[in-house]
Amino acid sequence: MSQIKENIQRIQEEILNSCIKSNRNPDSVTLIAVTKTKPVEDMQIAYDCGLHNFGENKVQEIQAKYPSFGDKPIWHMIGHLQTNKVKYIIDKVSLIHSVDSLNLAKVIDAQAKKHNKIQDILIQINVANEDTKFGITEEEVEPLIREIAKFENVKIRGLMTIAPYVVDSEQNRPIFRKMSQIFVDINQKNIDNVNMDTLSMGMTNDYQVAIEEGATMIRIGTAIFGDRNYSLEG
Ligand SMILES: *Cc1c(COP(=O)(O)O)cnc(C)c1O
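Residues numbered from 1 in each chain as written. Predicted model: local features only at pLDDT ≥ 70, side-chain atom pairs only at ≥ 80, totals over all residues. Heavy atoms only, no water.

Q: Mind showing me how you'd approach the overall build of the protein here?
A: Looking only at helices and strands, the protein features 9 helices and 8 strands. Taking 17 Å as the expected radius of gyration for a compact globule of 234 residues, we find that the protein reaches 17 Å, a close match to that expectation. Projected onto its principal axes, the C-alpha coordinates of the protein cover approximately 50 × 40 × 30 Å. Out of the 234 residues in the protein, the part that is buried amounts to 50%. Partitioning the contacts of the protein with sequence separation of at least 6, the portion at a separation of at least 24 is 60%. Working note: accessible area of the protein is about 11300 Å², and carbon and sulfur atoms make up 47% of it. (Helix = DSSP H or I, 4+ residues; strand = E, 2+ residues; numbered from the N terminus. Rg over C-alpha atoms; globule rule 2.2 N^0.38 Å. Buried < 20%, exposed > 50% of the residue type's maximum accessible area, 1.4 Å probe, protein only. Contact = heavy atoms within 4.5 Å. Areas by Shrake-Rupley, 256 points an atom, 1.4 Å probe, with all protein chains shown as cover.)

Laid out in structure tokens, this is it:
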């Protein structure tokens, strides 16, 4: 059995365990295979194992790999997105996880309009307030959502965060809990056009804790495909 297949089976068991532990339906958690830097051959193995959600963090990489799979998988843009590059992926991705400014949302709205599409997006929050990462602060969330909600061709589906790298995943529990709180709070405000159902959080090192705290999408690369070799990148 391939290593990737073995890894996926192990992760799926872990997901199940975390769901049982937290009294959740396993169907409420979507596993996104983070395929950045990985060849299409590895992606095909994951796809054949039933992982039909691919996450990429670079526009160029989505453009390069898209022709190999087309619309069969669900493509997720999980990395920082520059406004001038939105046009290259708007017809390819189902969900953009990394919206962190009104201007970016505005460009996405305009491009989506051109393609006669309603683009699903998530708002990226930097709960840990790390200055090395993208995302808005907790205080900025509601005002930004209220503005973006006015756009016709953008639909806010939820929130996303990248938690810090920690050795003990328990250290990230307060961050995931905070995310869940913000998620519930915003939904209770009954903002026009905002009805969030997606909470994207948890990666290789902390996805079990993220599930226990309410994640509906987990983004996993290393645990599926092994370490990334960035020196191979062009
Ligand atoms: C790379 C990446 C991941 C996956 O990280 P792993 O630790 O390899 O699972 C998840 N989310 C984002 C935004 C990423 O860039």
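Q: What is the right way to read the packing of helix H2 (residues 40–48) against helix H3 (residues 59–69) from this model?
A: For any two helices packed against each other, one specifies the inter-axial angle together with the distance between the axes. In contact at an axis separation of 11 Å, H2 and H3 are set at 50 degrees when each is read in the N-to-C sense. As far as their axial angle goes, H3 and H2 are oblique. The chirality of how H2 crosses H3 is right-handed. In contact with Val40, Met43 and Gln44 of H2, H3 contributes Lys65, Ser68 and Phe69. In terms of residue class, the contact of H2 with H3 is made up of 3 nonpolar, 2 polar and 1 charged. (Axes fitted to C-alpha atoms, helices over the stretch in contact; angles between N-to-C directions. Parallel < 35°, antiparallel > 145°, perpendicular 65-115°, else oblique. Left-handed = near helix turned anticlockwise from the far one by under 90°. Nonpolar A, V, L, I, M, F, W, Y, C, P; charged D, E, K, R; others polar.)

Q: What is the right way to look at the pairing of strand E2 (residues 53–56) in this model?
A: Within a regular strand, side chains alternate between the sheet's two faces. Residues Asn53 and Gly55 of E2 are buried on one face, and the alternating residues Phe54 and Glu56, pointing to the opposite face, are buried as well. Read as a crossover between parallel neighbours, the route from strand E1 (residues 30–34) over H2 to E2 is right-handed. Sheet topology places E2 next to strand E3 (residues 74–77); 4 bridges connect them, and they run parallel. Opposite Phe54, over in E3, you have Trp75 as the bridge partner. Once the chain exits E2 it traverses H3 before rejoining the sheet at E3, and the crossover so formed is right-handed. (Right-handed = clockwise from strand over helix to strand, strands pointing away. Pairing = 2+ DSSP bridges.)

Q: Is there a simple way to think about the nonpolar core in this case?
A: The tendency in soluble globular proteins is for nonpolar side chains to be buried as a group. Grouped together as the largest cluster of nonpolar side chains are 66 residues, with contacts concentrated most on Ile108, Ile123, Ile145, Ile148, Leu159 and Ile224. Take this core: its biggest share by element is 6 residues, from helix H7 (residues 173–188). Non-local contacts of Ile145, meaning those with residues more than four positions away in its chain, are made with Ile123, Ile156, Leu159, Ile186, Ile191, Val194 and Met196. The next biggest cluster of nonpolar side chains, apart from the first, holds 5 residues, and it includes Ile32, Leu95, Leu122 and Met160. (Core = buried A, V, L, I, M, F, W, Y, C linked by side-chain atoms within 4.5 Å.)

Q: Would you mind showing me how to read the environment of Leu159 here?
A: Within the fold, Leu159 resides in strand E6 (residues 154–160). Once the C-alpha coordinates of Leu159 and Ser98 are considered, the two residues, 61 residues apart in sequence, prove to be 8.9 Å apart. In contact with Leu159, other than residues within four places in its own chain, are Leu122, Ile123, Ile125, Val141, Ile145, Met179, Ile182, Phe183, Met196, Thr198, Leu199 and Ser200.

Q: Sorry, what's going on with the pattern of salt bridges here?
A: If you walk through the whole model with that rule in mind, you get 15 salt bridges. Residues Lys21 and Glu212 are paired through a salt bridge, measuring 3.3 Å at the closest nitrogen-oxygen approach. With a gap of 191 residues between them, Lys21 in helix H1 (residues 3–21) and Glu212 in helix H8 (residues 207–212) connect regions that are remote in the sequence. According to the relative accessible area criterion, Lys21 is exposed, its value standing at 64%. Among the salt bridges present, the one from Glu213 reaches Arg173, with a minimum N-O distance of 2.8 Å. Taken as a pair, Glu213 in the loop between H8 and strand E8 (217–220) and Arg173 in helix H7 lie far apart in primary sequence, 40 residues in all. (Salt bridge = Lys/Arg side-chain N within 4 Å of Asp/Glu carboxyl O.)

Q: What am I meant to see in H1 here?
A: Since the α-helix advances by 3.6 residues per turn, residues separated by three or four positions end up pointing in the same direction. For H1, with 19 residues, the first-to-last C-alpha span of 27 Å sits near the 27 Å given by 1.5 Å per residue. Within H1, burial applies to Ile4, Asn7, Ile8, Ile11, Ile15, Ser18 and Cys19. Down the axis of H1, the buried set is contained in an arc of 110 degrees. They therefore lie on one face. Those residues of H1 that are exposed and aimed more than 90 degrees away from the buried face are Glu13, Ile20 and Lys21. Buried residues along H1 sit in contact with E1, H2, H8, E8 and helix H9 (222–225). Two residues or fewer past H1, Asn23 is found with a positive phi of approximately 60 degrees. (Expected span 1.5 Å × (residues − 1). Arc of directions from axis to C-beta.)

Q: Sorry if this is basic, but what is going on with the pairing of E3 here?
A: Across 2 bridges, the pairing between E3 and strand E4 (residues 95–99) is parallel. The residue of E4 that forms the bridge with Met77 is Ile96.

Q: What's the story with the side chain of Ser18 in this structure? I'm lost.
A: Here Ser18 lies in helix H1. Sequence-distant contacts of Ser18, defined by excluding residues within four places in its chain, comprise Gln208, Ile211 and Glu212.

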